[in-house]
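# Structural overview for review
Next come the chains, spelled out residue by residue.
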Amino acid sequence: MGIKDQFQDKARELADKAQDAVGSKKDEASQRAARGREQAQESPESQRAQQEAQDRFDQDYDA
């Protein structure tokens, strides 16, 4: 195998590693976002804050 082939193989290997790393980071970010959305929906404080914001909006709209 020539030097050119060795460099091409190494470049291909590094490109594959980079794609795998990016894919795993995207998956991780998606999972964290989903967990964050679930926690925000389940949180009583969040629900209360959303209700208060909606009530203020309704009062402002009625005035």
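## Let's talk about the pattern of salt bridges
Taken as a whole, this structure holds 3 salt bridges when the rule is applied. The partner of E13 in a salt bridge is K10, and the shortest N-O contact between them spans 4.0 Å. Of the two residues, E13 and K10 are both situated in helix α1 (residues 3–42); the distance of 3 residues between them amounts to about one turn of the helix. The partly exposed category is assigned to E13, whose relative accessible area is 37%. Judged by its relative accessible area of 43%, K10 falls in the partly exposed class. Between K25 and E28 there is a salt bridge, and its shortest N-O distance comes to 4.0 Å. Within this pair, K25 and its partner E28 are both found in helix α1, separated by 3 residues, close to a single helical turn.

Rules and cut-offs
- Residues numbered from 1 in each chain as written.
- Predicted model: local features only at pLDDT ≥ 70, side-chain atom pairs only at ≥ 80, totals over all residues.
- Heavy atoms only, no water.
- Salt bridge = Lys/Arg side-chain N within 4 Å of Asp/Glu carboxyl O.
- Helix = DSSP H or I, 4+ residues; strand = E, 2+ residues; numbered from the N terminus.
- Buried < 20%, exposed > 50% of the residue type's maximum accessible area, 1.4 Å probe, protein only.

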